[in-house]
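Here's the letter readout for the chains.
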Amino acid sequence: MAWLERPGARIYYDLHGPADAPLVVFAHGLGGNHLSWWQQIPAFSRDFRCLVFAHRGFAPSTQDAPEPGARAFADDLAALIDAAAPGQPVRLVAQSMGGWSCLAYALANPGRVRALVMCDTHGGFWSPETAAAWAAKPPGLEADLFARGIHPAAGERMAREQPELHWLYRGIDALAVALEKDALRRQLGELWTITPADVAALDLPVLCIAGEEDIVVPPAAVEAFARALPRGEYVAVPAAGHSVYFERAAAFNALVLDFLRRAA
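Cut-offs and rules
Residues numbered from 1 in each chain as written. Predicted model: local features only at pLDDT ≥ 70, side-chain atom pairs only at ≥ 80, totals over all residues. Heavy atoms only, no water. Helix = DSSP H or I, 4+ residues; strand = E, 2+ residues; numbered from the N terminus. Buried < 20%, exposed > 50% of the residue type's maximum accessible area, 1.4 Å probe, protein only. Polar contact = N/O pair within 3.5 Å; in protein donor to acceptor, adjacent residues only side chain to side chain. Contact = heavy atoms within 4.5 Å. Phe/Tyr/Trp six-rings, centres within 6.5 Å; stacked < 30°, edge-to-face > 60°. Lys NZ or Arg CZ within 6 Å of the ring centre and 35° of its normal. Salt bridge = Lys/Arg side-chain N within 4 Å of Asp/Glu carboxyl O.

Cis rather than trans, the peptide bond between Ala-59 and Pro-60 has omega equal to 10 degrees. At the junction of Glu-67 and Pro-68, the peptide bond is cis and its omega measures out at 5 degrees in the coordinates. Checked against the element boundaries, Pro-68 lands in the loop between β5 (62-63) and α2 (73-84). Even without being glycine, Ser-96 reaches a positive phi, approximately 50 degrees. By the element assignment, Ser-96 lies in the loop between β6 (90-95) and α3 (98-108).

The next thing to look at is the side chain of Arg-112. With respect to the helices and strands, the residue Arg-112 is situated in the loop between α3 and β7 (113-119). Assessed through its relative accessible area of 16%, Arg-112 is described here as buried. There is a polar contact of 3.2 Å between the side chain of Arg-112 and the side chain of Asp-82. At a separation of 2.8 Å, a polar atom in the side chain of Arg-112 contacts the main-chain carbonyl oxygen of Gln-88. Setting aside anything within four residues of it in sequence, one finds Arg-112 in contact with Ile-81, Asp-82, Ala-85, Pro-86, Gly-87, Gln-88, Pro-89, Val-90 and Tyr-105.

On to the side chain of Asp-173. Looking at the secondary structure, you find Asp-173 in helix α7 (residues 163-174). Of note is the side chain of Asp-173, whose polar atom sits 3.1 Å from the side chain of His-151. With residues near it in sequence (within four places) discarded, Asp-173 still touches Leu-30, Gly-31, His-151 and Lys-181.

Take the packing of aromatic side chains next. The final tally for this structure, using the stated rule, is ten aromatic pairs. With centroids separated by 5.7 Å and ring planes inclined at 75 degrees, the aromatic side chains of Tyr-245 and Phe-246 adopt a geometry described as edge-to-face. Here the two residues Tyr-245 and Phe-246 agree in accessibility, since each one is buried. Through a chain of ring-to-ring contacts, the aromatic side chains of Phe-26, Trp-37, Trp-38, Phe-44, Tyr-169, Tyr-245, Phe-246 and Phe-252 assemble into a single cluster. Above the plane of the ring of Trp-3 lies Arg-10, whose end atom (NZ or CZ) is 4.3 Å from the centre.

Next up on the list: the pattern of salt bridges. Per the stated rule, a full pass over the model turns up 21 salt bridges. With a shortest N-O distance of 3.7 Å, Arg-231 and Asp-203 are connected by a salt bridge. Linking Arg-231 in the loop between α10 (219-228) and β9 (232-237) with Asp-203 in the loop between α9 (196-200) and β8 (206-211), this pair joins segments that are 28 residues apart in sequence. Residue Arg-231 is classed as partly exposed on the basis of its relative accessible area of 41%. Classification of Asp-203 as exposed rests on a relative accessible area of 57%. Via salt bridges that share partners, Arg-157, Arg-160, Glu-161, Glu-213, Glu-247 and Arg-248 belong to a single interconnected network.

Below is the structure:
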């Protein structure tokens, strides 16, 4: 367990696995923190050095003010990687909001990234296809779930079939009690600026995973992002919502471990 001092923030992180193993960094979504990866670290840390962290403002990490918020995520990630494994290559595993952090880092540091996993996210990539996928999203779905006591990022199926997981997801989400999440969502929207030309230069293996029942980020937007990548792969996971890694951990772990081993 360690802390990284950053301008306007203090970032919590933790390392697991053999010190000499390849580094994998896990970047959580808006409803998570470092604890979100509790079903991944025991599996991945057998073969990889695993770094989990809490983005600035997500407990136990802190930030002094709402700004720069998400605009500092990629720089925070770069500082974390330099602190944990200076000069070494890295593999990145991103969930939802974490895709903004990891895609921006990969674009700025392509020589450092061996492989990238983007789960339930397009990481701020904009194209006519991703815009169309968002425009086709039925309105009011998330508000309806919230009104029924269901977290949209967990989803109705998780709440019905795995209520213990849903309870845990909501508990982790609630730890970010001091964070203005609506302001953070607006910042992420302002960072939805990565173009097809930008990702066309990203010559590294990228695995894009979507839950078929995701109502938060349209699976069609994730698929469109994968098609725009030179070495993109797209996998849709059935009977899963926005948090495949949480809801279908065994399937997620198998997909990602196979991908990382192939990309080694």
